[in-house]
Amino acid sequence: MLTVDFDRLGIGPGVRVIDVGCGQGRHSFEAYRRGADIVAFDQNADDLADVKIMFGALAEADEAPDYAQAETVQGDALALPFEDGEFDVVIASEILEHIPADDGAIAELVRILKPGGALAITVPRWLPERICWLLSDEYHANEGGHVRIYRADELRGKVTARGMRFIHSEHAHALHAPYWWLKCLVGVDKPDARPVQLYHRMLVWDMMKRPWLTRVAESALDPVIGKSVALYFTKPAVSGARR
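Please read all numbers here as calculations on a predicted model, not as lab measurements.

A. The environment of V229, seen in detail. Inspection of the secondary structure puts V229 in strand β7 (residues 228-234). Its relative accessible area of 5% is what places V229 among the buried residues. Through-space distance from the C-alpha of V229 to that of T122 is 5.5 Å; in sequence the pair is 107 residues apart. In this view, V229 contacts I121, T122, V123, R125, A152, E170 and H171; residues no more than four positions away in its chain are not counted.

B. Inspection of the pairing of strand β5 (residues 113-124) at higher detail. The buried count for β5 comes to 9 of 12 residues, which makes it a mostly enclosed element. Direction of pairing for strand β4 (residues 87-93) relative to β5: parallel, over a ladder of 6 bridges. Residue pairing for β5: V89 is matched across the bridge by A118. This β-α-β element, β4 to helix α4 (residues 102-111) to β5, shows right-handed connectivity. Sheet topology note: the β5/β7 ladder contains 7 bridges and is antiparallel.

Calculation rules
- Residues numbered from 1 in each chain as written.
- Predicted model: local features only at pLDDT ≥ 70, side-chain atom pairs only at ≥ 80, totals over all residues.
- Heavy atoms only, no water.
- Helix = DSSP H or I, 4+ residues; strand = E, 2+ residues; numbered from the N terminus.
- Buried < 20%, exposed > 50% of the residue type's maximum accessible area, 1.4 Å probe, protein only.
- Contact = heavy atoms within 4.5 Å.
- Pairing = 2+ DSSP bridges.
- Right-handed = clockwise from strand over helix to strand, strands pointing away.

See the structure below:
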């Protein structure tokens, strides 16, 4: 399940990409399949170990081109261990809402992006996220949980203040918003609750089969209750170019 539009980012052979806060690696794997040189970056060693195994499995199954390179790097998003302008594309999906010092993280994302490169940031959308917070403290009040709720224009301003040019925004995963509302309502610590299990099965079926009915429904609902908002930026090739 991808939140970022890879076609919009132009990710393909020879493109150097970093997936900051990669988690289980969903965006990293797609970049690898498309032939990009991908760095999966996260602070969680266990997640990175799983991602590395999956990179190997994709290569062995010939699901990634031989020329594509994939590596995992552990570290802190507030001090990325890379040179200025090292990457053609920077992805930060569902990570900034976890970081108290988000301005510092944004500065690092911009720093490692080359002039002319593309930055994609996704975060939980304000309304669906606000409902989750209202329904359950457990949803966010835990170690490593969400520390803020973004409004899209607020996040856009934080990024453009770093000299980036805003390109586009879109919403995604409308069918997932009610699932999280349901989890918050019955208790996030009760994954075996029957309503939650049934909705989860539907989501898995939808992701595997992608039937036209749910695709049309989600496309229509995304602008209304899309769980995530994705913002796309580019770094001006000329320093100080007008945004």
